[in-house]
Structure formats: C-alpha cells, structure tokens
Amino acid sequence: MTLSYKWLCDYLPEKPAPEKLSQLLTSIGLEVESMQYYEEVKGGLKGLIIGEVISTAKHPNADKLTLTQVNIGQELLLSIVCGAPNVAAGQKVVVAPVGTTIFPMQGQPLTMRVAKIRGEESQGMICAEDEIGLGESHAGILVLDAAAVPGTPASEYFNLYEDIIFEIGLTPNRMDAMSHWGVARDVCAYLNHHQNKELAPLFPAVSSLDKGGKSGPIQVTVENSKACPRYSGISIKGIKVEPSPDWLQKRLKAIGVRPINNIVDITNYIQHETGQPLHAFDASAIEGNQIIVKNLSNNTDFVTLDGNSRKLNQEDLMICNTREGMCIAGVFGGLHSGVKESTESLFIESAFFEGTAIRKTSFRHGLRTDAATRFEKGTDIEATVRVLERAVQLIQEIAGGTVVGSLIDCYPAPQPKKTVVVRWSMLQQLSGKHYPPTAVKKILTSLGFEWSREDAESFTVLVPTHKTDISLQADIVEEVIRIDGLDNIEIPTQIKLSPAIDPDNWKAGLKEKISNQLAGMGFQEIMTNSITNAAYYNNNPGLVTMINSLSADLNCLRPSMLETALEVVAHNLNHRNLNLRLFEFGKNYNRITADLFEELERCCLVITGQKQESSWRQGASAADFFTLKGAVESVLKGLGLTLTEKKLEANSSTSYSYGISWIHNQQSVGSGGELSSKTLEQRGIKQPVFYAELNWNYLAAAAHQQPRTLREIPRFPAVQRDLALIVPQQLTWEQIQTTVQKIRIECLQDIKLFDIFESDKLGVGKKSIAVNFTFQHLERTLTDKEIEEWTNKILTSLEKELGANLRK
C-alpha cells in the first residue's frame, strides 16, 4: 500500500517526523518497505531562476538563433543564446544558469556550462516547459505571467508539491489499514499507549444526508443480498465535470494515481482516504431509472471501461439498469455508464460486497483493481453511509451540484458486532508479557473496540466492523502486542519444548543421500513450480486444473515433471549454459475421478550437452542415452535396489524418440530416454536432451524395507576373465546379463560389456561382443580350476540359450 506523509498528517493531532513515523509503523506491524522523497517535478526545479529578457538581437552567424540579455535578479545580466522562435524582450522566463542541472521530459539530465554557440558565448539557457519537466510542449520557451519577479527561485514560483511516500507491506488480514484513516487510527493508538495521551484521529466533519425517505430519480433493488448485504447510494444533479483542482491532482499523483476528472478523482481520493471504494454512474445512462443488483446469465457479453468485451459468468455480481449490466460489482465499471465530460447528474454508489465472490470474479476476468483488492479483503459494512456523506461533501465543494431525494440504504439484515471474551491468562500466555488491565483497555478502545465487561478472569470486547478479521482470543492478543510494539516482545531466557519424533524422517534421509550422490556425479538440483500451464498437456482428461488460477500461464497442477524441467533447460540454453546435469525431487498430480485426486512423489534427471569437455588431454564427449541410463542405475544402486528387468522401447511415449523402463519386482519404477525432436522444438531447444522420471514413492518405500547388512572389505584378490563372443545381430546386452544371472554363480561379483565389433567377416547377421567377468570369494583365494569351471558353465549357457559362440 502507498501512503502519503502529508496526507496522513492531516488526520494526526501530533505529527511524528518521517523517520520516527517509519519506525513506528514497522513496530505496529505495518512494515515500511521503502520511504522515498517525492517531487512533483523531477529535480524539483532546483537552481532554476525566474528571469526577464531585457533585450534581444539577431545572432550574426545563425538565422534561427537570438542573442539575449537576461536579468535574473543579480547585478550583472546574463548573455544567453536562444533558439526559440517566440523569445522577445520584456518576457518573464525560466532560466537555467551555469551549474544548474535540468531534467527534461525525454532524455538524460543536463548540467549547464558556459558554451560558445556559433562564436557567441552563452551563460545558461532559457527553458521550454518540456526541458524542465513541466509539460510536453517544445514549441518555444515557457513565457510566464508579467507579475513574476526576476530572481525568484522557480520552485517557489511554481509552488511545487513535495511529499514523502511510504510503501507499506500489508499482511492480508490488515484491511483496516488500507487507507490513510486506518493508519492514522493505529498511529494514535500507539501514541496514546506509549506517551499516555488521549489522541483521536482528526477525521473531517461531514453533514448527514437526509434519510427521510424522499423519493429520488433513481430506485435501487438488491436481488442478491447474500453477495451484496448493504447497498447505499445518493443522486446529485447540476454537477460540472472538469479537471480537478491542483491540490487533489497533486495528492493523487504523489501516490501513483493518474488524475482523470474531478468526479472520478474524488472517488479515488476517498478510496485511499477511507478504504471504501465508490462508483459514480452517469444518471442519464441508468435506463428505467432503476439500479438492480443481480447476477446475469452465463456468457452474457459486457463491455468494460477499457473497451474490452467480456463473457460474464453466472456467479459475477452485476450492477444493472432495466435493460443491461452497467458495472461488474466491486471490480470494474462499464464503458457506457461512467462519468463523461457531458455528465450533469450522478448516482454515487457506496456498497458492501461479499469478498469471496469479488475475488473469484476479479481473477476470472484478470481485473486486479484497487477496488477488488479492498472488497475481497473485507471493507467496513457500517462505513458505507459515512463515506457517502464525505463524497457528497467533496463533490459539492469541487463540482457543485445538489442532492436529489433522500439517501438510499438497502441494509435488510444489519450485522451485529462480534463479541470476543479474552482470558487474562491467555493474554499473558500468548504474549509472554504481563499487561495491566488499564493498558489493555486503552489500546483496544483507541482502536475502536468497545469495552463490554471485565473481571478477574477475563474481559469482553465488541469488535468494530472495520476489523473484519478478528473473532478469536488470539486476534485480540495480537492487537495488544502490535500496538505495544512488535519490537517490544520480550525474549525469554529459557525456551521449553517437547521433542517430537517423526516416524517418517527416513524419507528425508533418503532424499538427502541421493541428492548428495547426484551432486557428486556432477548434477545440480533444481526446484520448479508444480503449478504450470495446461496448454502443455493437450487437454489431458486427468489434468488437475485450478478454479482460481494465478494467471493464464499458471492454471493447472503438473501431471509430469518433464515440462517444468524443460523450462529450466530452455532458460539455461538461452543464456549459453549448454552443458547441464539437473535433478529434482517434486510432486505430480492426477485426477482419478471428478472429486478424487492423487499426489505422487517423483525424482527426475535431465542431461544435455557435453558429458566431458575438451581439454589438452582428450577431446569433448557428448552425453548420450547411456549417460542417463548409467546415472539412473547408480541412483538405484545407491538405494540398495537390484533391478529385476529393464525394458527397451522404441517409442516409450510421445515425448521420447526411444526409451527404457526400469522394473523392480514386476513394478515399473521409472522410465526415460532421448526426448523427441517435436517435444524439444516446442520449447525452442536445438540440442539433444535425455530425461528420466523415477517413482520416488515406490523407490523410497522399497529402499526402506531393504535389509541393511555390513560386510568386511574383501581381503582376497578378485579374478577377471574376458570373453569375446559372436552373437546374433539382434541380441541385446540385457539378454546376456539375464542369462548369466540365472546361473547363480555365487562368486560372480560383476559383469561388464567393454566392446562391440561388427563386420561382414563375422558372418551374416552376426556381431562380436567382449565381456568382462569378475570373480571373488570373501574368505579365500579362488583356484584356476574353479574359474575355468565357471567360465565353461557361462559359455555353455550362452551357447544353448542365446546361440553365442566363443570368438577364436
């Protein structure tokens, strides 16, 4: 929220210095994120002086330049070369003497220095309005009123507005502080508590509107009183729409609001003053002279103030006339019912709209307006009439006009104030501090609470309607702590806690173990958003879409980690980070039925670019499918799991060119492969990417159930044997591994493929593979006879089952 220091001080009986106010606001929970000096014109016209052109003469060396003598209130006249066509003797002008820095509307700041222009010395510049930030025109120099006095500082002459602007980081529950009035109330409460004073905010006095029921030109009907519990309004005729007075424009500009016209500016001013949004309708646009608060049917067309046509949802609350909708209630106005230059009669709306409905509508149409933000957090239902009276006061002061008829106030079910009982022991327990009852009473009454009852055990308060978030004891305790100062919370010398044992802490331990293993293999961990773009998934029926999405690009929960991982890959490749090894632990989401969803933990690995960069010892080596396969199987080995099967697939899914599935006890624990060119082209990726996604739910559970055994490092040497085999061309390494493992040679510790050779000399449809076998006994040295026996057994099995022959 943006807060003006000068504006806030209008409501404070005592005005703290800006730095002190900044500390005070942060102390009471209104964290000041920035405090900046505001100047209506950049640079504040510092150094610029009002001057008078005494004489002019034609430049001897340039047809379009003029030599001038200018009086700036000093003993000597300044000689200035001027290029403006409208310069003339006797004019009062704005002068930038040597050493002054000007801040033009376009371009960089410029510091004046003595210069020779076509051979003539110039001791400064006579300024146009765009050259000093006062306007857009560059048609000529800025000519001032004849009464201007030479030597007067320009900042004094133009009476520029200066202020200090605070940016407040409000928590979502502090709707009561989304206005200058609300902040003034908190500041007074703080000063009352800490300085033992009786201060109250200086709210402007207003005259009450007639509530006698006189019939006015506009009638109001509220059909949906649940979404609009209170609707107040008043008719005004004879107003004149024109630019707002300077004081109003300057205040709005200081907080970043663009002035439009006096009526719209008043509604914006009051919104930031009181926190209550208003809406002004051109009375001539209210057909049938009736306002109806209701919902329209699905897909009704409505043109909003920005000129866009929108399809309404049946849940969107609308402000309508007898023929059509005029405004999306609490969110955005319509194109045809707003205030125009020709408007002479108004209907001013001050309403209370239910926050949930406003928030849904606001997000549904992508209209995050100031009004919607306030309504969705909760405005003060009892303030609608008081704020309307303030609006009428300002409109009549600035735009003229006369109130027609009585106040309209549709409030069929007045809301009682909430009652909260607070135990003194709870106050001390939650705050960690003993507060005297008198101090608690003073704090709460300063904030608008009504002190109802008090005894030795507890006290009772009635909650003001502007405190929409308060309903519990803890909420009252928070208010007391806040006004006492969050920086005054006492820090105990001892902290008592009850240690808790998480029965599932092994899950975090496994993640940390595998994360460290992958990091040691050169992988870097990424963390992506599980909320992503539904357009990635081509209307997948199992997609979990979001009702109130954050944006059009973040509207579903991902069913796969692939798309978010590719966003990271594409980002890095675009920044010339070409060699990537990435991993992530995250969650996928699927819709099982209309009302049943599942959340699945997954681990993904991504590899692209060079596996090994070029150096003086060796050339570069590109990562490939086997790099990914090796990384995945290292993870499985790190978990203590032995695969029972690996299944190669030419096209494992539409995302892959080819892939592999890893299987453990007949359960698929993951899949991966080289991503297809179509998948990569959709992300603008032009180099091969290898991706695997593992079922972490299953892997973690299986690893946890795996028995842990320790054994001594073998003291006896391992024995290795190499076999060169001629096998059928279509035979896979997986088949060879499986066949050898079926023999169940206890001392066979490892089997590795270290060469593949293909040649016509081997025979048609044949290839040669070289395999290394490692044998080792844990308690003794193996004999040549044993090795020979096992080797023959392996050869016999491979020959019988796979048609393999020993290459000679």
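Going by the structure above, here's the rest.
Just so you know, these numbers come straight off a predicted model, no measurement behind them.

A. View of the sheet that holds strand β16 (residues 279-282). As summarised here, the arrangement of the four strands in space is β16-β23-β15-β24, forming an open sheet in which the pairing is antiparallel. Every interior strand has two partners, whereas the edge strands, β16 and β24 (402-410), have only one. Strand-to-strand twist in this sheet, taken as the mean axis angle between neighbours without regard to direction, amounts to 20 degrees. Looking at chain direction, β16 and strand β23 (residues 345-352) are connected through four bridges and run antiparallel. Its bridge partner being in β23, D282 is matched across the sheet by L346. Across the sheet, helix α9 (residues 384-398) lies against β15 (230-237), β23 and β24, angled at about 15 degrees from β15, the strand it touches most.

B. Molecular detail of α9. Across its 15 residues, α9 extends 21 Å between first and last C-alpha, which sits within 8% of the 21 Å expected from 1.5 Å per residue. Along α9, twelve of the 15 residues are buried, which leaves the element largely enclosed by surrounding structure. Three or more residues of α9 are buried, namely T384, V385, V387, L388, E389, R390, A391, V392, Q393, L394, I395 and I398. The inward-facing, buried residues of α9 contact β15, α5 (246-254), α6 (262-274), β23 and β24. Just downstream of α9 lies G400, where phi reads positive at about 75 degrees.

C. The arrangement of unusual backbone geometry in detail. Phi at N299 is positive, roughly 65 degrees, even though this residue is not glycine. On the secondary structure map, N299 appears in the loop between β17 (290-295) and β18 (301-303). The phi torsion at Q666 lies on the positive side, around 65 degrees, for a residue other than glycine. Structurally, the position occupied by Q666 is in the loop between β37 (656-664) and β38 (667-675).

D. Structural view of empty space enclosed by the protein. Applying the stated criterion across every chain, the model contains two cavities of 30 Å³ or more. Roughly 180 Å³ of volume is contained in the largest cavity. Along its surface, the largest cavity is lined by 15 residues, and S179, R185, T274, D380 and H466 are the ones closest to its centre. When residues of the lining of the largest cavity are assigned to their parent elements, the largest contribution, three residues, is made by helix α4 (residues 180-195). In this structure, the second largest cavity occupies an estimated 50 Å³ of space. As for the second largest cavity, its lining consists of K42, G43, G44, L45, K46, L48, T101, I102, F103 and I132.

E. Seen up close, the packing of α4 against helix α11 (residues 437-446). Following both chains from N to C, one finds α4 and α11 inclined at 160 degrees, their axes separated by 8 Å at the closest point. When the axes of α4 and α11 are compared, the pair comes out roughly antiparallel. For the pair α4 and α11, the sense of crossing is right-handed. When α4 is examined against α11, the residues R185, A189, N192 and H193 are found in contact with a partner set consisting of A439, K442, I443 and S446. Per-class residue counts for the contact of α4 with α11 are three nonpolar, three polar and two charged.

Conventions and cut-offs
- Residues numbered from 1 in each chain as written.
- Predicted model: local features only at pLDDT ≥ 70, side-chain atom pairs only at ≥ 80, totals over all residues.
- Heavy atoms only, no water.
- Pairing = 2+ DSSP bridges.
- Helix = DSSP H or I, 4+ residues; strand = E, 2+ residues; numbered from the N terminus.
- Axes fitted to C-alpha atoms, helices over the stretch in contact; angles between N-to-C directions.
- Contact = heavy atoms within 4.5 Å.
- Expected span 1.5 Å × (residues − 1).
- Buried < 20%, exposed > 50% of the residue type's maximum accessible area, 1.4 Å probe, protein only.
- 1 Å grid on protein atoms, 1.4 Å probe; cavity = no way out; pocket = protein on both sides within 12 Å on 5 of 7 lines; lining within 4 Å.
- Points joined across faces, edges and corners; volume = space filled by probe spheres on them.
- Parallel < 35°, antiparallel > 145°, perpendicular 65-115°, else oblique.
- Left-handed = near helix turned anticlockwise from the far one by under 90°.
- Nonpolar A, V, L, I, M, F, W, Y, C, P; charged D, E, K, R; others polar.

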